Amino acid sequence: KEMRFRNLGPSGLRVSLFSLGGWLTFGGSVDDAATRDIMRAAYEGGINTFDTAEVYADGECEKSMGKAIRELGWERSDLVLITKVFYGVRGSAPQDPNATGLSRKHIIEGTNASLRRAGLEYWDVVMAHSPDVTVPMVEVVKAFNHLITTGKCFYWGCSAWSAEQISEAYGIAERLGLDPPLADQSQYSALHREPVEKDYLPLYRKHGLGLTIWSPLAWGLLSGKYNDGIPKGSRFDLNAGGTFSGAIASLQSPEGQAKLERVRRLAAIAEQLGCSTAVLALAWAAKNPHVSTVILGASKVEQVRENLQALHVLDKLTPDVLQQIEAALDNKPAP
Ligand code: NDP
C-alpha cells in the first residue's frame, strides 16, 4: 500500500490524501456488489477515508456502503467514515419541516437515522451539508458538539459554507470552549478554484481550517472524456435530463468551450509526464497544502486504480511543471 495521510484541518485525525465518496454511484448507479468491489479497490490502494451523506440516493448510499463494510469485514477503527446531514432523506417525510436543515432537532435525529441506515455505532466526522441561515449559528455549533459528547461522532465539519459563516462558527466555538468545524467540504478542481484559493485563504492561516474537496475531476470533465461529446453510460449521459442538464448545456457556451480547451492543454502536459489527464488533475488538486483529502468518485474499479496513480505524480509536479499548468489553465483567481 502506498498512501499519504494528512491531518483533517487542525485536528489529530489522519485522513488518506485520497478518499472515496458515493454520491450518485453507491446506492444509485452502481449496485451493491460493485460498490463493495470499488470500496475494496480503494482500501487496497491505501484509502482509509470514505464519504457519504444522508441525502445520497435517498439514504441508499449509506446503506450500501455500510453493507459493503460489513461484508468486507474491515475493522471499524481502521476507517474514517464521514457523513453529512442537512438535506434529509426525501420521500421519508416530505411534509415534515424538521426533516431537513440544521436545527438541533434535525442534526441529532438525522445523524441517528444515518447511523441506523449504515449499521454503525458512530461516524468519525459528521458535516453540515449546507449552511442554514434560518438557524442561529450558536444552535448549530452546540448541536454538533452534542453529537461529539454523546459519542455519535468524533469531529464535525461543514460543507459549502461561506468564509463568514465558518468564521462565525469558530468565534462561537472559541467563546464557548467548544469544538469548531474542522474542515469544509468544498468544490475544488483545476476548473473550479474558488472559494478554496480565494475567500478561504485567511481561514487556513487563522484557524488551520481543513478541506475535504469534492468533484476533483469536475464530474469527469478533467479526464477528457467529454472533449468530443458525451460517451454512453457516463455520468452526463445517465443524468442528462436531471442534475447535469445545466452543466451539459453550458458545455456549448463560450465558457464551457474554454473549459474543454483547458482540459486539452492539461492533456498535453499529462502526456509529457506519462500519466492520464485525470491523474494529473487529481495530483494537482492534492498538491494544494490546504487540502486534507481529495474525495474521488468512481463508477468502476478501474477508475479507482487509475486515479490512485496520482500518488506517483505528486513529486513530478515541480515548481516548473506547476507553472506550466498555471499557464495552461489560465484561471487563477485574482487576489
Ligand atoms: P469527480 O469530479 O472526480 O467525478 C467522479 C466521476 O468521474 C466518476 O463517478 C466517474 O463517472 C468519472 N471518473 C472518475 N475517474 C475517472 C477516470 N479516471 N476516467 C474517466 N472518468 C472518470 O468527483 P464526484 O463529483 O464524484 O465527487 C466526489 C465525491 O465528493 C462524491 O462521491 C461525494 O462523496 C463528494 N461530494 C460532495 C458534495 C458536497 O456538496 N459536499 C458535492 C459533490 C460531491 P462516470 O464513470 O459515471 O462517468
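Further up the page is the structure itself.
Note that this is a predicted model, so its numbers are computed, not measured.

Overview of the overall build of the protein chain
Assigned secondary structure in the protein chain consists of 13 helices and ten strands. For a compact globule of 335 residues, the expected C-alpha radius of gyration is about 20 Å, and the protein chain comes in at 19 Å, within 12% of that figure. Along the longest, intermediate and shortest principal axes, the C-alpha atoms of the protein chain span 50 × 45 × 40 Å. Looking at the protein chain alone, contacts between residues at least 24 apart form 77% of all its contacts between residues at least 6 apart. Here the protein chain contributes 35 positively and 38 negatively charged side chains, and the mean placements of these two sets differ by 1 Å.

Considerations on the layout of surface pockets
Which parts of space are left empty comes out when a probe the size of a water molecule is rolled across the atoms. In this structure, the largest pocket encloses a volume near 1100 Å³. Lining the largest pocket are 48 residues, and of these W23, L24, W219, R235 and G297 lie nearest its centre. Breaking the lining of the largest pocket down by element, the ones donating at least two residues are α7 (235–238), α10 (277–287), β10 (291–297) and α11 (301–307). The residue inventory of the lining of the largest pocket, partitioned by class, reads 20 nonpolar, 20 polar and eight charged.

Digging into the site of the ligand
For the ligand, the set of nearby residues contains 30 residues, the closest of which are D51, S215, K225, R235 and S299. L217 places a main-chain nitrogen or oxygen 3.0 Å from an oxygen atom of the ligand. Here the ligand has 910 Å² of accessible area as a free molecule, and 94% of this is covered by the chains. Sorting the residues of the shell around the ligand by element identifies β10 and α11 as the ones contributing at least two each. Partitioning the shell around the ligand into residue classes produces twelve nonpolar, 13 polar and five charged.

Describing the pairing of strand β3 (residues 18–21)
A two-sided burial pattern is seen for β3, the buried positions comprising F18 and L20 on one face and S19 and G21 on the other. Of the strand pairs in this sheet, β3 and β10 are connected by four bridges, and their pairing is parallel. Directly across from L20, in β10, lies its bridge partner L296. Where β3 meets strand β4 (residues 49–51), two bridges bridge the pair, whose relative direction is parallel. Of the residues in β4, the one forming a bridge with G21 is D51. Following the backbone out of β3, through helix α1 (residues 32–44) and into the adjacent parallel β4, one traces a crossover that is right-handed.

A short note on the packing of aromatic side chains
The description of two aromatic rings rests on the distance between their centres and on the angle between their planes. Inspection of the entire model under this criterion finds twelve aromatic pairs. Centroid distance Y226 to F236: 4.3 Å. Interplanar angle 20°. Geometry classified as stacked. Of the two residues, Y226 is situated in the loop between β9 (210–214) and α7 and F236 in helix α7; the sequence distance between them amounts to ten residues. F236 matches Y226 in its accessibility class, with the two residues each being buried.

Concerning helix α13 (residues 319–329)
In an α-helix, one full turn covers 3.6 residues, which means residues spaced three or four apart are oriented alike. Burial in α13 covers these residues: V321, I325, A328 and L329. Summarising the axial view, the buried residues of α13 lie within an arc of 95°, below the 170-degree limit, and thus occupy one face. Every exposed residue of α13 that faces more than 90 degrees away from the buried side is listed here: P319, D320, Q323 and A327. Contacts made by the buried residues of α13 are with α9 (254–273) and α10. Positive backbone phi, approximately 50°, marks D330, located one or two places after α13.

What counts and how
Residues numbered from 1 in each chain as written. Predicted model: local features only at pLDDT ≥ 70, side-chain atom pairs only at ≥ 80, totals over all residues. Heavy atoms only, no water. Helix = DSSP H or I, 4+ residues; strand = E, 2+ residues; numbered from the N terminus. Rg over C-alpha atoms; globule rule 2.2 N^0.38 Å. Contact = heavy atoms within 4.5 Å. Lys, Arg positive; Asp, Glu negative; His and termini not counted. Charge placed at Lys NZ, Arg CZ, Asp CG, Glu CD. 1 Å grid on protein atoms, 1.4 Å probe; cavity = no way out; pocket = protein on both sides within 12 Å on 5 of 7 lines; lining within 4 Å. Points joined across faces, edges and corners; volume = space filled by probe spheres on them. Nonpolar A, V, L, I, M, F, W, Y, C, P; charged D, E, K, R; others polar. Near = heavy atom within 4 Å. Polar contact = N/O pair within 3.5 Å; in protein donor to acceptor, adjacent residues only side chain to side chain. Areas by Shrake-Rupley, 256 points an atom, 1.4 Å probe, with all protein chains shown as cover. Buried < 20%, exposed > 50% of the residue type's maximum accessible area, 1.4 Å probe, protein only. Pairing = 2+ DSSP bridges. Right-handed = clockwise from strand over helix to strand, strands pointing away. Phe/Tyr/Trp six-rings, centres within 6.5 Å; stacked < 30°, edge-to-face > 60°. Arc of directions from axis to C-beta.

This is a description of form; function is not addressed.
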